[in-house]
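Remarks on the overall topology
What follows is each chain in one-letter form.
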Amino acid sequence: MKSHLSAILNRLEKLVALGDPKDTFNFEKDEEVQITVSFDGENQVFIVKYPKIKETSDFDSIDLVAMEIFDLIY
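Notes on the structure follow. (Residues numbered from 1 in each chain as written. Predicted model: local features only at pLDDT ≥ 70, side-chain atom pairs only at ≥ 80, totals over all residues. Heavy atoms only, no water.)

This brings us to the pattern of salt bridges. Counted according to the given criterion, the structure contains one salt bridge. For Lys52, the salt bridge is made with Glu32, and the minimal N-O distance between the two is 3.9 Å. Pair noted here: Lys52 is in the loop between strand 3 (45-50) and strand 4 (55-59) and Glu32 is in strand 2 (residues 32-40), with a separation of 20 residues, a long-range link. We classify Glu32 as partly exposed; its relative accessible area is 40%. (Salt bridge = Lys/Arg side-chain N within 4 Å of Asp/Glu carboxyl O. Helix = DSSP H or I, 4+ residues; strand = E, 2+ residues; numbered from the N terminus. Buried < 20%, exposed > 50% of the residue type's maximum accessible area, 1.4 Å probe, protein only.)

Shown next, in the form of structure tokens:
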């Protein structure tokens, strides 16, 4: 059985490894982007954008970002 949460964490870890805030991942539900995530290596924060409500949040914990994504798409 494949874990959805581990797949999300793998994508987030890849963002950290890339370290470029221009790199982003979109997470979709029903072919609609729910959340866009990038990682600011200089400040060590994930930048989370919610396109539907046009808001942005910063997270300093990969676990919190993963849970936020999971809640929005599953």
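What follows is about the packing of aromatic side chains. Summed over all chains, the structure comprises two aromatic pairs. Aromatic pair Phe39 and Phe46: ring centres 4.8 Å apart, planes at 55°, arrangement tilted. On the basis of relative accessibility, which here comes to 5%, the residue Phe39 falls in the buried class. Measuring from centroid to centroid gives 5.1 Å for Phe70 and Tyr74, while their planes differ by 35°, and the two rings are tilted. Since its relative accessible area comes to 32%, Phe70 is described here as partly exposed. On the accessibility criterion, Tyr74 (48% relative accessible area) is partly exposed. The ring centre of Phe27 lies 4.4 Å from the NZ or CZ of Arg11, which sits over that ring. (Phe/Tyr/Trp six-rings, centres within 6.5 Å; stacked < 30°, edge-to-face > 60°. Lys NZ or Arg CZ within 6 Å of the ring centre and 35° of its normal.)

Time to look at the environment of Leu15. Here Leu15 shows up in helix 1 (residues 4-18). Looking at Leu15, the relative accessible area reads 1%, which means it is buried. Counting along the chain gives 49 residues from Leu15 to Leu64, while the straight-line C-alpha distance between them is 15 Å. Those residues within four positions of Leu15 in sequence are excluded, and the remaining contacts are Asp23, Thr24, Phe25, Val37, Ser38 and Phe39. (Contact = heavy atoms within 4.5 Å.)

Before going further, it helps to spend a moment on the environment of Ile73. Mapped onto the elements, Ile73 comes out in helix 2 (residues 62-73). Separated by 63 residues in sequence, Ile73 and Asn10 have C-alpha atoms that sit 16 Å apart. Residues within four places of Ile73 in sequence aside, it is in contact with Ile8, Phe27, Glu28, Lys29 and Gln34.

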